[in-house]
Structures are given as structure tokens and as C-alpha cells.
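As a plain string of letters, each chain reads:
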Amino acid sequence: MLHSSLLAASILQNPMTLFLSGLALLFLFFWYFATDLERRKRNIGTFLLIGICGFSVLAILPEKALKGGIDLVGGSSFTLVVEPKVDDSGHPLPLSPDDVKQAIRTIEKRVNEYGNIDMLIAQQGADKILLQMPGMSPEESAKIEELLKKVAKLELREVNLDGYRPGPDGRTLAARVADNAEIVPGYSAYEYKFKDDEGNDRSEFILLSKRVALTGKDVQQAWPQPLGNKVSITLNNAGADKMLNLTKDMTLGRDRIAVVLDGEVLTAPVVQAVLSKNFEISGQENAEEARALANAMLNPLENPLKIDQKSAISPTAGKDTVRQGIWAGIVGLSITAAFVLLFYRLAGFVALFGLAVNGLILFGAMAVFGFTFTLAGIAGMILSIGMAVDANVLIYERLREEIAAGKSLKTAIPLAYEKAFSAIFDANLTSLITAVVLFWLGNNTLQGFAITLTIGIIASMFSAILVTRVLFRWSTDLSLLRKLSFLNLIGKTTIDFLAKAKPSFIVSGILIAATLVTAAVRGEKALGIDFTGGTLLSFNAGERQISAQDVQQRLDALSLSKLAIAQEERSPITGLNISIRCATEDRDTIVNHLREAIPVMGETLPPEEGSPADNVRYVVPLNEDTISATLGQEFFVNSLIALALGMLGILVYITVRFEFSFALGCFISLVHDVAITVGIILMLGGEMTIFHVGAILTVAGYSVNDTIVIFDRIRETLSTGERSVRELINEAINATLSRTILTSLTTIITVTILTIFGGAALRDFCAMILVGLLVGTYSSIFIASPIVLWWSQRKGGNLRNEVFQTTLQESGIQT
């Protein structure tokens, strides 16, 4: 097993192997959709299935390929002190709040470049930063330390060639300046370490101008070269002008420029050409060092950092909570599987195999991209697999219709996939538009969600469209499958859903008004400490044993203004610390309760001689400090902008793909679902935390997916039907009712179980998704579709003719 793990790791760490494997799979993927021959599709799909599953297994095999987040496995905690900048004379400058904010932004970009790591970062006090990283080994912790300490202060300085001139004592002028034996006005001596032509380490002193020609602020882009361990630099326009002015009067082939990073000379090459916008930095020992340098240069620190304290931290969720969450997820998925088997029988086994492949791809991608699993992330993955059932349901409902129309199984299967493809493609593409915008504009939290969403979309489409079709094709070709039967959940219905539009609008209007009133009344109380910040309490227990889980249970029993989070920290110097992030107004309530409820924390020491009698000293002392929001106003604004642009992208796509009436219905339905979901949670006394960000995005994705599926059926019905538009829209909603109820029911049952039995850490997260699922299902039928009809009638057009024209244009038919 160890040998296979090492082999898997070596294969996946080889860039050429990864590139060629990905290229081969991509070629097969495009070939699969390009061919019309069913047998060829079957064979190509089989190779694709084996290849992607094998690739995913290789990714998961290495030890620790799948990494847990802070809430599952704990990790390392760093307390960093932001030190002041110094002026040209070496005098420290006063530290400003902007200096600390800039340091936080830089640290976040350096250690979590792609948003794939579950981490916590916040300001602590006036000049400190709290950084927590999940499950880090000593080697990983050491690398993070080096990355944090690197200021990445880049400077380009002119080299004084006189510095190489030997003096009377045999030493160079630069060496004498370094020993303070001589002064050269305008120049300072720097030690330059390099390798000679034979690869031996050498060192010499060189004289560099005190005037800095260029700095890191002039760098527009930096990236590592794949060969030669170099870093390519692209300057901004101002930097390009400075570089041109620096080199245009130099003697080419003789004069030199030194590249200085954090006071260390990296290289001092001879200038061979007049430089401007682009140049390279050499001297890195390996590709990893070159990549780290490029990352640091793109995110330079303006203030040095000092690591004040480092400790190991416990999971924020206890073992019992984790176990409850996993078992709740298993039970929920088992019920989903039972539903699929009950309604689709033999075809249900094919769907479950596709879902298993979907899960394998998800885990494999998480391993390849280095994503960390959090408790909410596991719930999200379980939810995404549950929602992936929807694609299978769409296909099977179409298959049921084709078989009912008298077609043979071999003919019905490709027709069912062909007719279901449009709805599956449109629903997933609109979610992908949101993911792209979130990755482009969001911070690391939103980027991580965007990448996970993208992986889920690709895995879902692959498993539902390709994997199950390949299995069906083999089954029919080998005569293993001759007949399929399905349980009919809901027979043919003729409900007039559009007649319920007016009372639905009234109910929704009341809920939205209640949401606005609740948000206004609760104000800041509606936001958790992730958004507002608060106080960090640290009880130093030393060698005494106090359980963070016991502390958390006692905190959960209190009536607090905001959710408080307890965590264990262990340091070789201070021993055990119990840290609690809480609202500032809850400080006294928490401290007094814990001192009374936990005997060890309430023990006191004899008063010091001469001290006041009321000066109580505790065996477990308390330190406290303010802590900033982990999700500040900037995050909130960026999230709103990203969501707004994502909605705009969806609006444009649906307008082009369908009609503006459909785009407007989807847009209003999406805003409606998010607003009411948040409102109901606030009305029930909940508060918005970092977990709810992912929950809101999940609700938005589900809302769009459900609405698009119904719209796709409405468009198809309008293109082929001959009755009034109102009757055809009602017919389309009735035709998809079985799919809507089955998909919503299986997903709702899974999330309900997670909400009830998943523990306190999951309850709020899953409760919001549960409310969103219910609201989203309701709005797709009673809000979005009536808006389509209302807008098309309001503007005086003929929706059926417009849809018909769009369908013809998509088919390439000119009218």
C-alpha cells in the first residue's frame, strides 16, 4: 500500500504526466460529443470513465491526500506582531490601522492563494494578527513561518564598479566600507553570495547606491519560469519608465544592476541591453523557491512581521459532532438511494453507480487541488451529491415518457438523454457563470466555494450524462437489459398553477417586508462575530486539563447575543490555553459563568501581600484582547458585487438562450429566494456567520437550477403546442411536477437529517439550506413562471412566436 501511495504521489507531482493525462482525457471528451455513432460513443465513454476514475483514485491514494479543516482536525495557530516601517534614516514610523489591514490582505494571499485552505485570519488588538491554519505538519509549519517572515521588499539598485577595486590592504573598496574602514558618499556595502561557474559557493562585498531605482510597487506581474528556476518580472508603466531611465545611459556589457530582496542581494547581473518593462531574476535554488518568490513579490509586505507565539489548536467541532455529522450524512444519502431505487428500480442502480463516480471525482479533485475538508464542506458535498440526483431524475422522467409513447428501450434511451441534455446543460451553465464571477471578484472564501462549485458541476454532468449512458448502452448491446419499469410518483395532473399567482405574490410580499423589518430591527445583532468582530478571551490552564468541548457545551447553554466559539491551544511555552471568540457585550456573562461552572477555572490564589482584598487572583488567569471581523465590510461589499454580476450574467445568458421574460422570472425568483431565506433565519433568531455565506450561495445555485429546469420544459412546450400560452405554461409545470417533487424531497430529507442530527456546528448551516430548498421549490412554480407570463403579456408580444423564432435560430434555420 505504501509503495502504491508513493507511486501515485510521484505520478501526480510530475507536471508532464499531469499535462499529458489531462490532454488525453480532454481529447476523448470532445471526441465523445463530436461523434454521432452510438457504438463509438459507448467505447470512448468507457475509456473516459476508466481514465477519470483511475486518475481520481491515484489522487486519493497518497497518505494525507485528503486534508481536514480546522473544525475537523485542528491545526496551527500563529500570533503575529506587525512591526513599524522605518524611514531612510532608520527611524521607526508610527503604525497605522491601514498597515495592519495591508498585512492581513498580504498574508491571506500568500498562504491561501486559491482559496483552497480553510483558515482564520483576524486582527487582534492594535498591532497583532491571529492566523490559524488546518492540520499542519512541522515541515509545513516551518514553510509557513518562512513565508510569513518574508517581507518581499524588492529593490533595484545601481552597482558602483569602483567597489571591486582593491585597496592598499588587499581588500576591495566595498569590503572596507562594510568594515567601516572607509566611507563612499551615496553608497552602502552589501554582501553578495553566489555560485561560480563550477557551482561552488562564493561571497563578496559590492557597493550599491543608496538611491533605490525601482521597488516592489513598480511590479505589475511576477511568475516562475518552468526551466532555470528564474522569476519573470513585468513592470507597470511607471516602473518601465524608471527602468528605461536607469539603463539607457549605462555602458552595456560592463555596468551592473543589483536585485535586492529584504536586504539580501539575489543577483547582480551585467546589463546587456537597455531594459524597460520586462526582466528576469535568477539565483533561486529550485522551482518551489522560484514560485514562492514570485508569490511573495506579487504580495509584498509593507511592514515586517514577527511571530510572537505559535501553538497547536484543537478542532473547533468536537469528535462527537464530527461523528454525528458523518452518520447523519450517511443516513441521508442512504434514504436518497432508497428513494431512487424505489422509484426507478433497475435503472436506479445505474443512477447510483453514476453518483458513486460523481463522489469519486469530487474527492479526487479535492485531493489534486489541495482543498481542505471542513464540517460544512462535507455537508456541502453530501448536498451536491444529493442534488446531482436531479440530472438522473430528468433523464429518467424523459425515458419514462419515451417508453410510454411506445418506443423500444434501445431507441428510447438516446432520445431521453438528448431531450434532457438541454435542461441539464442550461441549469449547470448558469451555475458555472456564478462560479466564474465569484472566483474573479471574491476573496479566498468565495474563491474556494467557486472552485468547489465548478468541480461539482463538472462531476455531476459527467456522471449523469456520460457514465449512466455508457452503462445503459453496454446493458442493451449485451442484452442484459430488455425492459425498464418505473414507479409513478404522481400521475398526469392538470393543476392551474398560474391561478395561484396572486395569493403567492401576496404571501411573498409579506415575507419580504417582514425580512426588511427584521433586518432593520435587529441591525448588527443579525451578524455574527465573523462580520462584526468582538473579544478574544484566553484562559491559560498550563498543565491543568480543561476540555474545549466541555467549555463549548456550557457556552451553548447560555443566552448570548452572538454565537461564541471555544478552542484549545497548546504551546510548549505556555501549555494549554482555552481561547473563546465572543461578542464584547457577552464577555462578563461568559467569564462569570465559566468561573462558576468549571471548578478548575474558578480556583483562586492567596492575595499578594499589600494588594487590595478584592484583587482576586485565579489559578487559571485570563488574558483578553479585541479581535477584528474575519469577514469585514470589504468582504461583504465584494460578495454583493460578485452576486450582482453573477445574476447579471445569468440574466444575459437566459435572455439569449430563452427570452427576456424568462430571464426576468429567473432573476426575480433568485432575489426572492435569497431574501426570504435570510429573512426567515433572522426571524427565527439566527445570525449570519461565515457558514451562512456558503449556505446562501448554495441556495442561490439551487434556485437557479430548479427554475431553469421548469423554464426549459416551458420553452419546449411552447415550441410544439398549439393551445394558449397560459395553458401551455401550466402543462409544462404539470409535466415537470413529478421531477420537482422527487428531487426536492430527496434533497430536503437529506438536509433535514443533517439539521436535526448533525450537531450544533451543522445546525445553523443546514437549517438555512433547508429553508432555501423549500422556498426555492415554491418560487420556481408559483413565482418565476407567472412572472414570465405577466411580462410577456405586459409588453404586448407573443411569447410562443418569440420562443419559436429563438428555437429556429438555434437550429440554424433562417426565417
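What you see is a predicted model, and the numbers here were worked out from it, not measured in a lab.

### Some remarks on the overall build of the protein chain
- A tally of helices and strands in the protein chain yields 25 helices and 21 strands.
- Here the protein chain, with 815 residues, has 50% of them falling under the buried criterion.
- Taking contacts inside the protein chain between residues at least 6 apart in sequence as the whole, the part at least 24 apart equals 74%.
- If you sum the accessible surface of the protein chain, you get close to 38,200 Å²; carbon and sulfur atoms cover 60% of it.

### Observations regarding the packing of helix 16 (residues 548–556) against helix 17 (residues 587–597)
- Closest axis-to-axis distance for the helix 16/helix 17 pair is 11 Å, and the angle between their directions is 125°. Viewed along their axes, helix 16 and helix 17 adopt a mutual orientation that is oblique. Where helix 16 crosses over helix 17, the handedness of that crossing is right-handed. Every residue of helix 17 that contacts helix 16 at V551, R554 and L555 is listed here: I590, H593, L594 and A597.
- Here the residues of the contact of helix 16 with helix 17 are counted per class, giving five nonpolar, one polar and one charged.

### Some words on the pattern of salt bridges
- Enumeration over the complete set of coordinates arrives at 20 salt bridges.
- Salt-bridge contacts for R400 lead to E397; the nearest nitrogen and oxygen are separated by 3.1 Å. With a gap of three residues between them, R400 and E397 both fall in helix 11 (residues 375–404), about one helical turn apart. Side by side, R400 and E397 carry an identical accessibility label, which is buried.
- Note that R587 and E624 form a salt bridge whose closest N and O atoms lie 2.7 Å from each other. Linking R587 in helix 17 with E624 in strand 21 (residues 622–627), this pair joins segments that are 37 residues apart in sequence.
- Here E624 falls in the partly exposed class, since its relative accessible area comes to 41%.

### Comments concerning the nonpolar core
- Membership of the largest hydrophobic core comes to 55 residues, with the highest contact counts inside it found for I654, F662, M688, F711 and I714.
- Looking at this core, the elements that each hand over two or more residues are helix 12 (409–441), helix 19 (633–657), helix 20 (660–683), helix 21 (690–720), helix 22 (725–735), helix 23 (737–757) and helix 24 (760–794).
- Apart from the residues within four sequence positions on either side, F711 is in contact with F658, F662, G665, C666, A784, S785 and V788.
- Counting 32 residues, the second-largest nonpolar core is a separate cluster that includes V340, A416, L481 and L742.

### With respect to a nonpolar patch on the surface
- Residues L26, F29, F30, F33 and F421 make up a contiguous nonpolar surface patch of roughly 460 Å² in combined accessible area.
- Residue contributions to the nonpolar patch peak at four residues, all from helix 2 (residues 15–34).
- Along the polypeptide, F421 turns up in helix 12.

### Regarding helix 17
- I590, V591, L594 and R595 are the residues of helix 17 that are buried. Along the axis of helix 17, the buried residues cluster in a sector spanning 120°; they form a single face.
- If you follow the buried residues of helix 17, they end up packed against strand 16 (534–542), helix 16, strand 18 (575–582), helix 18 (599–602), strand 20 (617–618) and strand 21.

### Things to note about the sheet that holds strand 13 (residues 278–281)
- Strand order in this open sheet of three strands is 9-10-13, and the pairing throughout is antiparallel. Since the sheet does not close on itself, it has two edges, and those belong to strand 9 (219–224) and strand 13, each with one partner. The average undirected angle you get between the axes of adjacent strands in this sheet is 25°.
- Alignment of strand 9 against strand 10 (residues 231–235), held across five bridges, turns out to be antiparallel. By the bridge assignment for strand 10, A222 is matched with I233.

### A closer look at the confidence of the model for the protein chain
- Chain-level pLDDT for the protein chain is 78 on average; 80% of the residues reach the 70-or-more range.
- Between the elements of the protein chain, mean pLDDT differs from a low of 47, seen in helix 1 (residues 2–13), to a high of 90, seen in helix 14 (residues 501–522).
- Segment residues 1–9: pLDDT under 50, and nine contacts once partners within four positions in sequence are set aside and those in other chains are kept.
- Contacts from residues 811–815, a stretch scored under 50 in pLDDT, to residues over four places away or in other chains number three contacts.

### Overview of the packing of helix 14 against helix 20
- Interhelical geometry of helix 14 versus helix 20 gives an angle of 55° and a closest axis separation of 8 Å. By the criterion of interaxial angle, the relationship of helix 14 to helix 20 is oblique. As helix 14 packs across helix 20, the resulting crossing turns out to be left-handed. Here S508, L511, I512, A514, T515, T518, A519 and R522 of helix 14 lie close against helix 20, whose contacting residues are H672, A675, I676, G679, L682 and M683.
- Counted by class, the contact of helix 14 with helix 20 contains eight nonpolar, five polar and one charged residues.

Conventions and cut-offs
Sequence order as written defines residue numbering, which begins from 1 separately in each chain. For this predicted model, a pLDDT threshold of at least 70 governs which residues receive local features, and a threshold of 80 or more governs which side-chain atom pairs are given and counted, while totals over whole chains, interfaces and linings are taken from all residues. To obtain the side-chain values, all non-hydrogen atoms of the structure were included, while hydrogens and water were left out. Put simply, DSSP H or I for four residues or longer makes a helix, DSSP E for two residues or longer makes a strand, and each gets a number counted from the N terminus. Whether a residue is buried, partly exposed or exposed follows from its accessible area with a 1.4 Å probe, protein chains only, as a fraction of its type maximum: under 20%, in between, or over 50%, in that order. By definition in these notes, contact holds between two residues if any of their heavy atoms fall within 4.5 Å. All accessibility values rest on the Shrake-Rupley procedure with a 1.4 Å probe; residue burial counts only the protein chains present in the view. Interaxial angles span 0 to 180 degrees and are taken between N-to-C directions of axes, which are lines fitted to C-alpha atoms, for helices over the stretch in contact. Throughout this description, any angle smaller than 35 degrees is read as roughly parallel, any larger than 145 degrees as roughly antiparallel, any in the 65 to 115 degree range as roughly perpendicular, and the remainder as oblique. Here a crossing is called left-handed whenever its near helix is offset anticlockwise from the far helix by less than a right angle, and right-handed whenever the offset is clockwise. The nonpolar class holds Ala, Val, Leu, Ile, Met, Phe, Trp, Tyr, Cys and Pro. Asp, Glu, Lys and Arg form the charged class, and all remaining residues, Gly among them, are polar. Salt bridge, as used here: a side-chain nitrogen of Lys or Arg that lies within 4 Å of a carboxyl oxygen of Asp or Glu. Buried Ala, Val, Leu, Ile, Met, Phe, Trp, Tyr and Cys residues form a nonpolar core when they are joined through side-chain atoms within 4.5 Å. Grouping into patches uses exposed residues only, defined as over 30% relative accessible area, and leaves out salt-bridged ones; the cut-off is 9 Å for like charges and 5 Å for nonpolar side chains (Val, Leu, Ile, Met, Phe, Trp, Tyr). Here, the arc refers to the directions that run from the helix axis to the C-beta atoms. Here, a strand pair is defined by DSSP locating no fewer than two bridges between the strands. Every residue gets a pLDDT, meaning the predictor's confidence in that residue, from 0 to 100.

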